[in-house]
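Below are the chains, spelled out letter by letter.
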Amino acid sequence: MIESLENLFSGAFMGIGLGRFAAAFLVLVIALVLKKILAHLFTRVVFPLAAKTETGYDDQLLTAIRKPAEFLIVIVGLFVAQQVLQLPTEPVDLRRFSSAMLKVLVTFDVAWALFNMVSLVETWLGKWVSRTESTLDDHLLPFVRKSLRAFVIFIAALLTIQNLGYSISGLLASLGIGGLAVALAAKDTLANVFGSLMIILDRPFHIGDWIKTGDMEGTVEEVGFRSTKIRTFAKTLISVPNSTITNQSIDNFSRMPKRRIKLTVGVTYETTGEQMRLAVSEIRAMLKEHPAIDQEFMLVHFTDFASSSLDILVYCFTRTTVWGEYLEAREDVCLRIMEILERLGMEIAFPSRSVYLRGKEEDGLPAEAQARFSGMDIDRLGRPEFQTPPAAAEG
């Protein structure tokens, strides 16, 4: 029986002794056993130890590298089996081919581990994003994840081609020329993608903010990688290219801590100085007691002698920034100012012009008519109660 075994192992196949085949097979069996042992260690020892730590990053890292580590044991077994076999180089160079395949397997295994570890980066970025107020950077996470995984696959493909004995310099040169052509053809698209990244990183507005950029005004509904969707107050939806938004000034009304009220109250020139002082004082007191007005800063002053009015500047801020509540507060302030002016016997001025006619009685214009024309507002001309004397018409 021993002689039969010796005769069996003394044979050869493709110039390789059967004994070497048996030894190589034994190496592979040992590698598979070691793979099972490593998997058992991960399950029974390593993962329980990692679960005791406070952070979850180590658990995620071990999950990412577990399968690639097990597959690496198989690759090592294949390498040892190759050395045991001592593959021939003629008539076909099997040794070179097997070495190239082992390199491809190692490249695949490393790429597999890196591909899985992208989820670890995504988790870390997710915790960082959750601490920011903006929801825009939430859109960046899927983009980063897909980009990193695509990069890993691309590099692994290039290394695989290189390991198979092909030169990648020509491929890279062709990719450079093709990339230039694609970049020129899609420059607007690339500009919009970079614009979206600038919006996400700079965070000039959040989703739901009321903004104005250029001649567009409305509420931000969505920020994509090509365009930003703005819902106008007419309920239409505008898709604005991100490159356009990043090149324009953005007025974000939602970032206002309070809203401004600026009024110019014009009263007639019949107003006396004492009435003006009382009006300014009472309007200022009314604003200080108004529950909707912010008390940090306000101005009430008699400012100008305008062409047809004496102007009072009223400048203050409301506590609320909500549009409807702001309008209610502004309306109440205006009504209270009207009540103050009515109580003081003052009138709101309106644009008007006075015409003064001068003449001599011997020129045909009676003194009575001169008196009636003098100081007469032009808006009264043409009213039924004003009768123009014939002499005045002739004059």
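The preceding data block contains the structure.
The notes below deal with the structure included here. (Residues numbered from 1 in each chain as written. Predicted model: local features only at pLDDT ≥ 70, side-chain atom pairs only at ≥ 80, totals over all residues. Heavy atoms only, no water.)

### Some points on the overall build of the protein chain
Filter applied, for reference: The numbering of helices and of strands both runs from the N terminus, where a helix is a DSSP run of H or I of at least 4 residues and a strand a run of E of at least 2. Here the Shrake-Rupley method, with its probe set to 1.4 Å, supplies the accessible areas, and only the displayed protein chains count as covering residues.
For the protein chain, the helix and strand inventory stands at 12 helices and 10 strands. When the accessible area of the protein chain is evaluated, it comes to approximately 25300 Å², of which 62% is carbon and sulfur surface.

### Examining the layout of surface pockets
Stated precisely, the cut-off is as follows: Here a cavity denotes grid points, spaced 1 Å and computed from the protein atoms alone, that fit a 1.4 Å probe unable to get out, and a pocket denotes an open set having protein on both sides within 12 Å along at least 5 of 7 lines; residues with an atom within 4 Å of a point are the lining. Grid points are joined across faces, edges and corners, and a volume is the space filled by probe spheres set on the points.
Volume-wise, the second largest pocket comes out at about 210 Å³. Together, Ala-24, Leu-28, Leu-78, Ala-81, Gln-82, Leu-85, Leu-87, Ser-98, Met-101, Leu-102 and Leu-105 line the second largest pocket. Where the lining of the second largest pocket is concerned, the elements lending two or more residues are α2 (18–51), α3 (57–85) and α4 (94–130).

### Structural notes on the nonpolar core
Here is the rule: The definition of a nonpolar core used throughout is a set of buried Ala, Val, Leu, Ile, Met, Phe, Trp, Tyr and Cys residues joined through side-chain atoms within 4.5 Å. Remark: exposure states derive from per-residue accessible area (1.4 Å probe, protein chains only) relative to the maximum for the residue type, with buried under 20%, exposed over 50%, and partly exposed in between. Any two residues whose heavy atoms approach within 4.5 Å at even a single point are treated as in contact.
With 24 residues, the main nonpolar core has Ile-283, Leu-287, Ile-312, Val-314 and Ile-337 as its most contacted residues. Going through the elements one at a time, β8 (259–267), α9 (273–289), β10 (310–318) and α10 (323–343) are the ones with two or more residues in this core. Looking at this core, the element that brings in the most residues is α9, giving 6 residues. In this structure Leu-287 touches Ile-293, Gln-295, Met-298, Val-300, Val-314, Cys-316 and Val-333, once residues within four positions along its chain are discounted.

### What to know about the side chain of Thr-213
Keep this limit in mind: For this analysis, a polar contact is any N or O atom pair within 3.5 Å, provided that within protein one partner can donate a hydrogen and the other can accept it, and provided that sequence-adjacent residues contribute only side-chain to side-chain pairs.
Mapped onto the secondary structure, Thr-213 falls in strand β3 (residues 210–213). Here Gln-248 takes part through its side chain, which lies 2.8 Å from a polar atom of the side chain of Thr-213. Excluding residues that lie within four positions of it along the chain, Thr-213 makes contacts with Ile-230, Gln-248, Ser-249 and Ile-250.

### Overview of a nonpolar patch on the surface
What counts, and what does not: Patches were defined on residues exceeding 30% relative accessible area and lacking a salt bridge, with like-charge contacts within 9 Å and nonpolar side-chain contacts (Val, Leu, Ile, Met, Phe, Trp, Tyr) within 5 Å. Basic side-chain nitrogens of Lys or Arg form a salt bridge, by our definition, when they fall within 4 Å of a carboxyl oxygen of Asp or Glu.
On the surface, a nonpolar cluster with roughly 880 Å² of combined accessible area is contributed by Phe-25, Leu-26, Val-29, Ile-30, Val-33, Leu-34, Ile-37, Leu-41, Val-45 and Leu-49. With respect to the helices, strands and loops of the structure, Val-29 is situated in helix α2.

### Regarding the environment of His-301
Tracing the backbone shows His-301 in strand β9 (residues 299–305). C-alpha of His-301 to C-alpha of Val-314: the two residues are 13 residues apart in sequence and 7.0 Å apart in space. Setting aside residues no more than four positions away along its own chain, His-301 makes contact with Val-280, Arg-284, Asp-311, Ile-312 and Leu-313.

### Comments concerning the packing of aromatic side chains
Put simply, the rule is: Aromatic rings from Phe, Tyr and Trp, taking only the six-membered ring of Trp, are treated as a pair when their centres fall within 6.5 Å; an angle between ring planes under 30 degrees marks them as stacked, one over 60 as edge-to-face, and anything in between as tilted. Counting as a charge over the ring demands two things of the Lys NZ or Arg CZ atom: a distance within 6 Å of the ring centre and an angle within 35 degrees of the ring normal.
What the rule picks out here adds up to 11 aromatic pairs. Between Phe-108 and Trp-112, the ring centres sit 5.9 Å apart and the planes meet at 35°, which makes this aromatic pair tilted. Remark: Trp-112 and Phe-108 occur in helix α4; sequence separation between them is 4 residues, near one turn of the helix. Since its relative accessible area comes to 29%, Trp-112 is described here as partly exposed. Taking 5.6 Å as the distance between ring centres and 85° as the angle between the ring planes, the aromatic pair formed by Tyr-315 and Phe-317 counts as edge-to-face. An identical accessibility class is assigned to Tyr-315 and Phe-317; each is buried. Ring-pair connections join several aromatic residues into one group, and the members of that group are Trp-210, Phe-233, Phe-253, Trp-323 and Tyr-326. Over the ring of Phe-317 we find Lys-258, and its NZ or CZ is 5.5 Å from the ring centre.

### Here we look at the environment of Leu-287
As for its position among the elements, Leu-287 is in helix α9. The class of Leu-287 is buried, set by a relative accessible area of 0%. Separated by 46 residues in the primary sequence, Leu-287 and Val-333 place their C-alpha atoms 7.8 Å from one another.

### Quick look at the sheet that holds β8
Short version of the rule: Any two strands with at least two DSSP-identified bridges between them are counted as paired. In this analysis an axis means a line fitted to C-alpha atoms, helices contributing only their contacting stretch, and an angle means the value between N-to-C directions, from 0 to 180 degrees.
Taken together, 3 strands build an open sheet; the order of strands is β8-β10-β9 and the sheet is antiparallel. Across the chains shown, the open sheet's two edge strands, defined by having one partner strand only, are β8 and β9. Each strand axis lies, on average, 20° off the axis of its neighbour in the sheet, ignoring direction. Pairing between β8 and β10: 9 bridges, direction antiparallel. Paired with Thr-264 across the strands is Leu-313, a residue of β10. The strands touched by α9 are β8, β9 and β10; relative to β9, the strand with the most contacts, the crossing angle is about 150°. Along the sheet, α10 contacts β8 and β10; its crossing angle with β8, the most-contacted strand, is approximately 25°.

### Some points on the side chain of Gln-82
Relative to the elements of secondary structure, Gln-82 occurs in helix α3. Excluding anything up to four places from it in sequence, Gln-82 contacts Leu-87, Arg-95, Ser-98, Ser-99 and Leu-102.

### A closer look at α9
The criterion, for reference: Working rule for helices: expected span equals 1.5 Å times residues minus one. Here the arc refers to the directions that run from the helix axis out to each C-beta atom.
The terminal C-alpha atoms of α9 lie 25 Å apart, and with 17 residues this matches the ideal 24 Å at 1.5 Å per residue to within 8%. Taken together, the buried positions of α9 are occupied by Met-276, Ala-279, Val-280, Ile-283, Met-286 and Leu-287. The buried residues of α9 all sit within an arc of 130° when viewed along its axis, so they share a single face. Turned more than 90 degrees from where α9 packs its buried face, Arg-277, Lys-288 and Glu-289 sit exposed. Against the buried residues of α9 lie β8, β9, β10 and α10.

### Topic: α3
To be explicit about the condition: The angle separating two fitted axes, one through the seven residues that finish at a residue and one through the seven that start at it, defines the bend at that residue.
When the terminal C-alpha atoms of α3 are compared, their 42 Å separation across 29 residues agrees well with the 42 Å that a helix rising 1.5 Å per residue should span. Along α3, the helix axis deviates most sharply at Arg-66, where the bend reaches about 35°; the proline Pro-68 sits within four residues downstream. Those residues of α3 lying buried are Leu-62, Ala-64, Pro-68, Glu-70, Val-74, Ile-75, Gly-77, Ala-81, Gln-82 and Leu-85. Of the residues flanking the end of α3, it is Gln-86, one or two places downstream, whose phi is positive at about 50°.

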